[in-house]
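# Understanding the architecture of this molecule
Each chain is listed here by its residues.
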Amino acid sequence: MNHEEATETAAARPAVSVPSRPPAPPKHCGNCGAPMYGPFCYACGQPEKGMIRHLASVMADVADTIFNVDSRIFRSILPLYFRPGFLTNEYFAGRRTRYVTPFRLFFFLCVISFFAIQLSLDLDDANFNFVGEGQSGGIERAQTAAEVDTRLQESLEGLAAARSAAGHRAKAVAKIEKVEAQLHQKAQERLAWIQRRDEAKAAGRPAPPDPTADDDDGTLSIDGTPWDPVTHPIAVGWLPAFANAKLNSMAQHAKDNINAARKHPGEAIARLFSVLPQTLFVLMPLFALLLKIAYIFKRRLYMEHLMVALHSHAFIFMSLLVIVSLHLLIGWAGASATWLVPVLNLLRAAAWTWLPIYLFLMARRVYHQGWFMTTFKFCLVGFCYLFLLAFGLAGAAIASLTIA
């Protein structure tokens, strides 16, 4: 059989029909009933997957989300620190999915940097760096030489216990020794005043003024009269009663916190740091407004300036994180690897130097202006923002005193 006959024979055979699978019934959104053409409903946006499914599937999605966020963080961190203006320009160009959003980056680095700063301050040891009435045992208010000696010995005994608790921590021991020297100096100064006072009385002369007579005890004054929540409260005539009650409550907290700060300054520092993030959140839109005014002829939207502000502050927080990390490494190297200290000091100085340079280069690359105009506006905006920052920090300090 030749090729043509074989072809005719094959064509003459009846075709074998292969049974086809019936089409799968279309899925519908459980919320609005629209057909589903993907993992999300095109009509209402509800995802196809919910939480009512196998735990393994839920954990797989959680792991995927975590690793995806982490990859975007690492993809964003290096350009944020080493390439001024790169992330901002990428965001403006529409390439946003591959990087962490500006607000999330700002928030993440803000939290991490403040946490690292509080750890580096060593607030437990900060109490030894301040000799107020709580640490001195009231030496500065003693009226006799015997009382000075008694209070000095009590304070030294307390420091001896602190020295024992500090162990071999060189930093804490050095602070305790500094406080001991300050206590002895306070005792000598008080003894000298007591001697002058006694000599003046014996000679019939007026006693010299007590150097601690003007020191207050945390008492607040209103119109020259000590504040008291009952006898002399805060009462603003045009405010409702609940507002005046709130002011008096805040005044009570402030008085208590001022007295506590004298004895435990570390707690006051921690309280201040607790309100600093809120302060920066308030200042962020104001910084964007300064940029809007400075670059008004660029005709950019306010939200564009806000993205610049978010990336700028994210870089500042990351710089603080780098500097704090180097500071901690220097402390470690000073006890374990002294040969590393000069290198780490050099890196820390470079990190401080890079901070203003980066912000300057970022302004030039984002707004595309010449060196002269960029320098002028950088200095102008920087000065105005430093003024706002100082004002905000003062407000944060006052607010920290009113926290219960």
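Above: the structure in question.
Here's what I pulled together on the structure shown here. (Residues numbered from 1 in each chain as written. Predicted model: local features only at pLDDT ≥ 70, side-chain atom pairs only at ≥ 80, totals over all residues. Heavy atoms only, no water.)

## What to know about the overall build of the chain
Selection rule: Numbering goes from the N terminus for both helices and strands, where a helix is a DSSP run of H or I of at least four residues and a strand is a run of E of at least two. Partly exposed residues are those whose accessible area sits between 20% and 50% of the maximum for their type, while under 20% is buried and over 50% is exposed, using a 1.4 Å probe and protein chains only. Throughout, a residue-residue contact means that at least one pair of heavy atoms, one from each residue, lies within 4.5 Å. Values of accessible area rely on a 1.4 Å probe in the Shrake-Rupley scheme; residue burial ignores everything except the protein chains shown.
Per the secondary structure count, the chain includes 13 helices and two strands. A total of 404 residues make up the chain; the buried ones form 32% of that total. Taking the contacts inside the chain whose residues are at least 6 apart along the sequence as the reference set, 62% of them involve residues at least 24 apart. Counting only carbon and sulfur atoms, one obtains 66% of the accessible surface of the chain, whose full area is about 25,300 Å².

## Details of the packing of aromatic side chains
The condition that has to hold: Only rings of Phe, Tyr and Trp enter the pairing, Trp through its six-membered ring, and a pair is recorded when the two centres are within 6.5 Å. The plane angle decides the type: under 30 degrees is stacked, over 60 is edge-to-face, the rest tilted. Definition used: whenever NZ (Lys) or CZ (Arg) falls within 6 Å of the ring centre and also within 35 degrees of the ring normal, the charge is taken to sit over that ring.
The tally for this structure, following the rule as stated, stands at 17 aromatic pairs. Between F103 and F281 the ring centres are 6.2 Å apart and the planes differ by 45°, which places this aromatic pair in the tilted class. With F103 in helix α4 (residues 102-121) and F281 in helix α10 (residues 265-294), the pair connects residues that are 178 residues apart, well separated along the chain. By relative accessible area, which is 47% here, F103 ends up partly exposed. Looking at F281, the relative accessible area reads 31%, which means it is partly exposed. Here F106 and F317 contribute two aromatic rings whose centre-to-centre distance is 5.6 Å and whose plane-to-plane angle is 45°, an arrangement assigned as tilted. Here F106 is found in helix α4, whereas its partner F317 is found in helix α11 (residues 302-336), with 211 residues between them in sequence. Of the two residues, F106 and F317, both sit in the buried class. Taken together through their ring pairs, the aromatic side chains of F103, F106, F107, F114, F281 and F317 make up a single cluster. Positioned above the aromatic ring of Y91, the side-chain terminus of R96 is 5.6 Å from the ring centre.

## Examining the pattern of salt bridges
To be explicit about the condition: Salt bridges are defined as contacts in which a side-chain nitrogen from Lys or Arg sits within 4 Å of a carboxyl oxygen from Asp or Glu.
Enumeration according to the criterion identifies four salt bridges in this entry. The partner of E147 in a salt bridge is R151, with the nearest N and O atoms 2.5 Å apart. Of the two residues, E147 and R151 both sit in helix α7 (residues 145-166), four residues apart, roughly one turn of that helix. The partner of R197 in a salt bridge is D198, with the nearest N and O atoms 3.2 Å apart. We classify R197 as buried; its relative accessible area is 11%. Classification of D198 as partly exposed rests on a relative accessible area of 37%.

## As for the side chain of K377
Stated precisely, the cut-off is as follows: Charge counting treats Lys and Arg as positive and Asp and Glu as negative, with His and both chain ends excluded.
Inspection of the secondary structure assignment puts K377 in helix α13 (residues 371-401). Although K377 is buried, it makes no salt bridge; E304 carries the closest opposite charge, 14 Å away. K377 has contacts with A294, Y295, Q369 and G382, leaving out every residue within four places of it along the chain.

Geometric values such as these leave the question of function open.
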